[in-house]
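Tertiary structure, described
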Amino acid sequence: MMKRTVLSLLSATLLLGATASHANTPAYVDSKEYKVLLDPTRFASNPSSAAATLLHDVSVRLSALAFDKTISGSFSAGDRDTLAYYDTPHSCSLMSRGYTVRTRAGDHNDIQFKFRHADEELAYWTDVSGAGKNKETKLETDVTPGSLVLAHSTKQDATTTPTTVSALIKQFPGASALSDISTAGLSPVAGVTVTQQEYDGPESDIGQSVAEFTLTLWYVNGASTPALAELSFRVEADADNYFTTPVLTRSQTLNKAIGSIGNGWNIANDGGKTSWLYAYKSSTYPNGFCN
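**Some words on a negative patch on the surface**
The grouping of Asp200, Glu203, Asp205, Glu212 and Glu236 at the surface amounts to a negative patch. Residue contributions to the negative patch peak at three residues, all from strand S8 (residues 194–205).

This is how it looks when you write it as structure tokens:
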């Protein structure tokens, strides 16, 4: 999808004036992702069975909310990868400035450099460019029950894992904003790796777009039971209409449903997977990675 610059949007507004007042302003984002953390113990013994029960309970909740669409399909095991996030130990200099670095190996083999901020223009204009092969840059809205941020990221083929900020800048020139700490070392956040198992399949036709659901389980350092569970759905922007009012309205109903499923699914922590990992206390960092 072609991106609209701030200047082009301003020009279009001035030219169209009142005649376009009825239309939604084209958004910068490629997609919106709504997500919520769940009780991971529900998936300890039989994740597939628990996923089916979860989907049923979400559908019941949607009926109570008078949702005018349905969810079709069922969860089945999808991509499985080993993840590691990298930052500066005891200071978390990248996260404190809004950046994260993540490597992924398994069904995917890539490295991602991301900037997150609540301000849409700041997120859009912050450079996250990469210098590797098969680069893919996107801007999306991340919505959790307690926050909304814009995430601007580039992922590319993984070559070597950066052990310093200087090495990160070589792979992602956009990281040059971190040049003042170029000599700082990078280590796995919390000193752990995460096995990520995704389950996908369910979707809901919500008008000019489709809400695609994913259940994500995180297993820390090869554990047999998940330490984190997340339910999310993604809505892609339509190339012509972007996000129409019916799509946005139905997305909010879906968001309300997954944020209050009932039957003990939801937990109080609503910060998302990355925040959860940064707060994780391991044997290597018993007081937390950032302390």
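**A few points about the pairing of strand S4 (residues 110–117)**
When you tally the buried positions in S4, you get six out of eight residues, the bulk of the element. Sheet analysis places strand S3 (residues 99–106) next to S4, joined by six bridges and oriented antiparallel. Counted as the bridge partner of valine 101 is phenylalanine 113 from S4. Taking the residues between adjacent antiparallel strands as the criterion, S3 and S4 are bridged by three residues. Taken together, the eight bridges between S4 and strand S6 (residues 147–157) define a ladder with antiparallel strand orientation. When the sheet's bridge partners are listed, lysine 114 is paired in S6 with serine 153.

**Observations regarding the state of the cysteines**
Between two cysteines, a covalent bond joining their sulfur atoms is known as a disulfide. As enumerated under the stated definition, the model contains one disulfide in all. Bridging cysteine 92 to cysteine 290, the disulfide has an S-S length of 1.9 Å. Looking along the S-S bond of the cysteine 92-cysteine 290 disulfide, the torsion reads about -95°, which is the left-handed sense. Of this pair, cysteine 92 sits in the loop between strand S2 (76–87) and helix H3 (93–96) while cysteine 290 sits in the segment after helix H7 (273–279), and the two are 198 residues apart along the sequence. The buried category is assigned to cysteine 92, whose relative accessible area is 3%.

Rules used throughout
Residues numbered from 1 in each chain as written. Predicted model: local features only at pLDDT ≥ 70, side-chain atom pairs only at ≥ 80, totals over all residues. Heavy atoms only, no water. Patch = residues over 30% accessible without salt bridge, like charges linked within 9 Å, V, L, I, M, F, W, Y side chains within 5 Å. Areas by Shrake-Rupley, 256 points an atom, 1.4 Å probe, with all protein chains shown as cover. Salt bridge = Lys/Arg side-chain N within 4 Å of Asp/Glu carboxyl O. Lys, Arg positive; Asp, Glu negative; His and termini not counted. Charge placed at Lys NZ, Arg CZ, Asp CG, Glu CD. Helix = DSSP H or I, 4+ residues; strand = E, 2+ residues; numbered from the N terminus. Buried < 20%, exposed > 50% of the residue type's maximum accessible area, 1.4 Å probe, protein only. Pairing = 2+ DSSP bridges. Disulfide = S-S within 2.5 Å.

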